[in-house]
Amino acid sequence: MLLSGVIEGFYGRAWSRAQRVDMLDWIVAAGMNCFIYGPKDDIKVRARWRETYDAEEAADLADLVEAAAQRGLNFMVAIAPCLDVTYSDAAELQALKRRLDQLLELGVNQFVLLFDDIPATLSAPDQAAFPNFAAAQAHLANAAFAHVRAREPRALMVFCPTEYCAAFAGHDVPGSSYLDTLGRRLDPAIKVFWTGPDIVSETISAASLAEVGRVLRRKPVIWDNFHANDYDIRRVHAGPLGGRGDEILPLIDGIISNPNNEFEANFVAVHTTGALVRGGYDEAAAFEAALAAWQTRFRLASSRETIPLAELRLLAELHYQPFRCGPTIEALLGRTRQMLASHRPDVDDAEWQAGHRAVRELRNQVRDLFHRTTELENRDLFYAFNQYLWEVREEVTHLCTYLDWLAEKPATEDEFPGRERIYNFYRQGFSVAVQDLLRRDAGGRYHHGA
Ligand code: GDL
């Protein structure tokens, strides 16, 4: 069975219980089969991995186990002992077993061991006990797996390696002794996560999966950060899964999306990941189907009607994928880039004027969308997009005002904004100041002094 579904595996505020139950429904509706509980926000997942859950936390987890079981879903729980574990210390293994035992008693029999985002170094006792880092991790994982399998023969385990993408293996997967050691030492029944060429992979090819599969001696389970947004406060991804096609399905043991922090922004991510898993993936068609299914969540408090599909499409196209906006927005950006290619463009040109009208139109649509979303009955859905939409509205308004100014045919020496149009609401702060120090060119390379 191909594992498919969602991991709550990002940095930042964890989802609520009610949201998790909604997520279980979305996963089922998308035809997928798995939810992984692994918020980095749960301090007992990572920082205090040795501590068992208290009665209240355990009861919450048991409820989720039950909700997943009612829906026929696999429910996995993550433990990340990676920050400070001493792999060779028997007491540490005992602590891990206590955690696993508690979870087994709560009805969990599928586990994820996370070793992501840590330095690849061993403590002095571990250096004496193991030939290398991977051997130490494999030892702990195998012992944990043997423990749960002895108690529950159907138990599953997925292991997230420290080199979980090609970039972390120096883009030389066959040459990684870390991955090779894992492949040789890790119990063959333990599954292994892989995020693709990068942490957030624009594309994941069949060839790259075959390659890592050979080194790991098993098909990887894709941990897909395509829709994640914990690494960039200015982006949220409500577009379809892209850059992955049907041809990867025979080469993987699963695909699990680690999506946006904003729970409500993830509907299209889940729906389209399900479409990929079902086969015959067509990105544009999957996007349309997801929007149609998502629309019911967009009920307005006043009229109780849902927002029109075109408006919803605009919302998703503005907040699309990590590497591009939606098709109509990209087309308009391209057109505007051309309109701004010269310092003082020919604003009498019909093409230029049509482009100007298109930008105005977009500004008006964005304004309408912005106001409409403030009236959403589902407040979480409103919060999921409000700050991003606010920024979109500001920027498209600035762009439009600039084009209006160019259309007035200013003199060559005139500057925008003039004294009367200085805006005080541009973003400020340390990060903006650093971005200003180090201007980036179109290829993302830094420049200064110009
Ligand atoms: C990561 C983290 C993940 C985070 C993601 C995107 C993995 C295996 N781990 O490095 O928790 O959400 O990047 O920032 O991806």
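Residues numbered from 1 in each chain as written. Predicted model: local features only at pLDDT ≥ 70, side-chain atom pairs only at ≥ 80, totals over all residues. Heavy atoms only, no water.

S.K.: I tried to follow the sheet that holds strand β1 (residues 3–8) on my own but got confused; where do I start?
M.R.: Strands in a sheet are paired, the pairing made by backbone hydrogen bonds, and the direction either parallel or antiparallel. Spatially, β1-β2-β3-β4-β5-β6-β7-β8 is the arrangement adopted by the eight strands of the closed barrel, whose pairing is parallel. Averaged over neighbouring strand pairs, the angle between their axes works out to 25 degrees when direction is ignored. As paired strands, strand β3 (residues 74–79) and strand β4 (residues 110–114) are joined by four bridges and run parallel to one another. Residue Met76 lies in a different strand from β4, and its bridge partner there is Gln110. With respect to the sheet, helix α2 (residues 55–70) is in contact with β2 (34–37) and β3, its orientation differing from that of β3 by roughly 150 degrees. Of the strands in this sheet, β1 and β8 (254–257) touch helix α8 (residues 267–278), which is tilted by about 170 degrees from β8. (Pairing = 2+ DSSP bridges. Helix = DSSP H or I, 4+ residues; strand = E, 2+ residues; numbered from the N terminus. Axes fitted to C-alpha atoms, helices over the stretch in contact; angles between N-to-C directions. Contact = heavy atoms within 4.5 Å.)

S.K.: I would appreciate a short explanation of the site of the ligand in the present structure.
M.R.: As a matter of local geometry, the ligand sits amid 15 residues, with Gly9, Lys40, Asp116, Tyr164 and Asp230 nearest to it. Within the backbone of Gly9, an N or O atom sits 2.6 Å from an oxygen atom of the ligand. Between Asn225 and the ligand, the recorded distance is 2.8 Å, taken from a side-chain N or O atom to an oxygen atom. Isolated, the ligand exposes 360 Å² of accessible area, and the fraction of that covered by the protein chains is 95%. Residue classes in the shell around the ligand are distributed as seven nonpolar, four polar and four charged. (Near = heavy atom within 4 Å. Polar contact = N/O pair within 3.5 Å; in protein donor to acceptor, adjacent residues only side chain to side chain. Areas by Shrake-Rupley, 256 points an atom, 1.4 Å probe, with all protein chains shown as cover. Nonpolar A, V, L, I, M, F, W, Y, C, P; charged D, E, K, R; others polar.)

S.K.: I tried to follow the domain arrangement of the chain on my own but got confused; where do I start?
M.R.: It is common to give the size of an interface as the accessible area that goes away when the parts come together. Entries for the chain in the domain assignment read domain 1 (3–281) and domain 2 (309–432). A separation of 38 Å is found between the C-alpha centroids of domain 1 and domain 2. Contact with domain 2 buries surface across domain 1, with Arg234, Val236 and Glu264 losing the most and accounting together for 34% of the total. Run the count over domain 1 and domain 2 and you get two salt bridges. A salt bridge links Glu391 to Arg234; the shortest N-O distance between them is 2.7 Å. Here domain 1 and domain 2 share eleven residue pairs in polar contact (both at pLDDT 80 or more) between them. (Domains from an automatic or database assignment. Buried area = accessible area lost by both parts, 1.4 Å probe. Salt bridge = Lys/Arg side-chain N within 4 Å of Asp/Glu carboxyl O.)

S.K.: I tried to follow the pairing of β3 on my own but got confused; where do I start?
M.R.: Within a regular strand, side chains alternate between the sheet's two faces. With respect to burial, β3 is a largely interior element, six of its six residues being buried. Sheet topology note: the β2/β3 ladder contains four bridges and is parallel. Counterpart to Cys34 in the pairing with β3 is Asn74. Traced from β2 through α2 to β3, the parallel crossover comes out right-handed. (Buried < 20%, exposed > 50% of the residue type's maximum accessible area, 1.4 Å probe, protein only. Right-handed = clockwise from strand over helix to strand, strands pointing away.)

S.K.: What should I look at first to understand the packing of helix α5 (residues 133–151) against helix α6 (residues 177–185) in this one?
M.R.: To characterise two packed helices, one gives the angle between the axes of the helices and the distance between these axes. Two elements in contact, α5 and α6, have axes separated by 8 Å at closest approach and are oriented at 30 degrees. Between α5 and α6, the interaxial angle falls into the category roughly parallel. Classified by chirality, the crossing of α6 by α5 is right-handed. Contacts from Phe133, Ala134, Ala135, Gln137, Ala138 and Asn142 of α5 reach α6 at Tyr178, Thr181, Leu182 and Arg185. Residues that form the contact of α5 with α6 fall into these classes: six nonpolar, three polar and one charged. (Parallel < 35°, antiparallel > 145°, perpendicular 65-115°, else oblique. Left-handed = near helix turned anticlockwise from the far one by under 90°.)

S.K.: When you look at helix α13 (residues 379–407) in this model, what are you seeing that I'm missing?
M.R.: With 29 residues, α13 ought to run about 42 Å at 1.5 Å a step, and its terminal C-alpha atoms sit 40 Å apart, in line with that. With a side-chain oxygen lying 3.1 Å from the backbone nitrogen of Asp380, the N-terminal cap of α13 falls on Asn378. One or two steps after α13, the chain reaches Lys409, where phi turns positive at roughly 55 degrees. (Expected span 1.5 Å × (residues − 1).)

S.K.: Can you walk me through the pairing of strand β7 (residues 221–224) in this structure?
M.R.: Burial of β7 is two-sided: the residues Val221 and Trp223 facing one way and the residues Ile222 and Asp224 facing the other way are all buried. Relative to β7, strand β6 (residues 191–194) runs parallel, the two being bridged by two bridges. Residue pairing for β7: Phe193 is matched across the bridge by Val221. Traced from β6 through helix α7 (residues 206–216) to β7, the parallel crossover comes out right-handed. In this sheet, β8 lies alongside β7 in parallel orientation, the contact comprising four bridges. For Asp224, the partnering residue across the bridge sits in β8 and is Ser257.

S.K.: Looking at this model, I keep getting lost on the packing of helix α10 (residues 309–318) against helix α11 (residues 327–339). Mind explaining?
M.R.: Close contact between α10 and α11 brings their axes to 8 Å; oriented N to C, the two are set at 65 degrees. Between α10, through Leu314, Glu317 and Leu318, and α11, the contact on the second element is made entirely by Pro327, Thr328 and Ile329. Taken together, the residues that form the contact of α10 with α11 break down as four nonpolar, one polar and one charged.

S.K.: How should the environment of Thr397 be read in this particular structure?
M.R.: Position of Thr397 relative to the elements: it lies in helix α13. By relative accessible area, which is 23% here, Thr397 ends up partly exposed. Residues Thr397 and Asn364, spaced 33 residues apart in sequence, show a C-alpha to C-alpha distance of 8.9 Å.

S.K.: Looking at this structure, I do not really get the pattern of salt bridges. What am I missing?
M.R.: Pairing of side chains with opposite charge becomes possible as their charged atoms draw close. If you walk through the whole model with that rule in mind, you get 30 salt bridges. Glu264 is the partner of Arg297 in a salt bridge, and the nearest nitrogen-oxygen pair spans 2.8 Å. Within this pair, whereas Arg297 is found in the loop between α9 (283–294) and α10, its partner Glu264 is found in the loop between β8 and α8, the two being separated by 33 residues in sequence. Residues Glu288 and Arg313 are paired through a salt bridge, measuring 2.9 Å at the closest nitrogen-oxygen approach. Of this pair, Glu288 sits in helix α9 while Arg313 sits in helix α10, placing them 25 residues apart in sequence. A single network of salt bridges, built from pairs that share partners, joins Arg17, Asp60 and Asp63.

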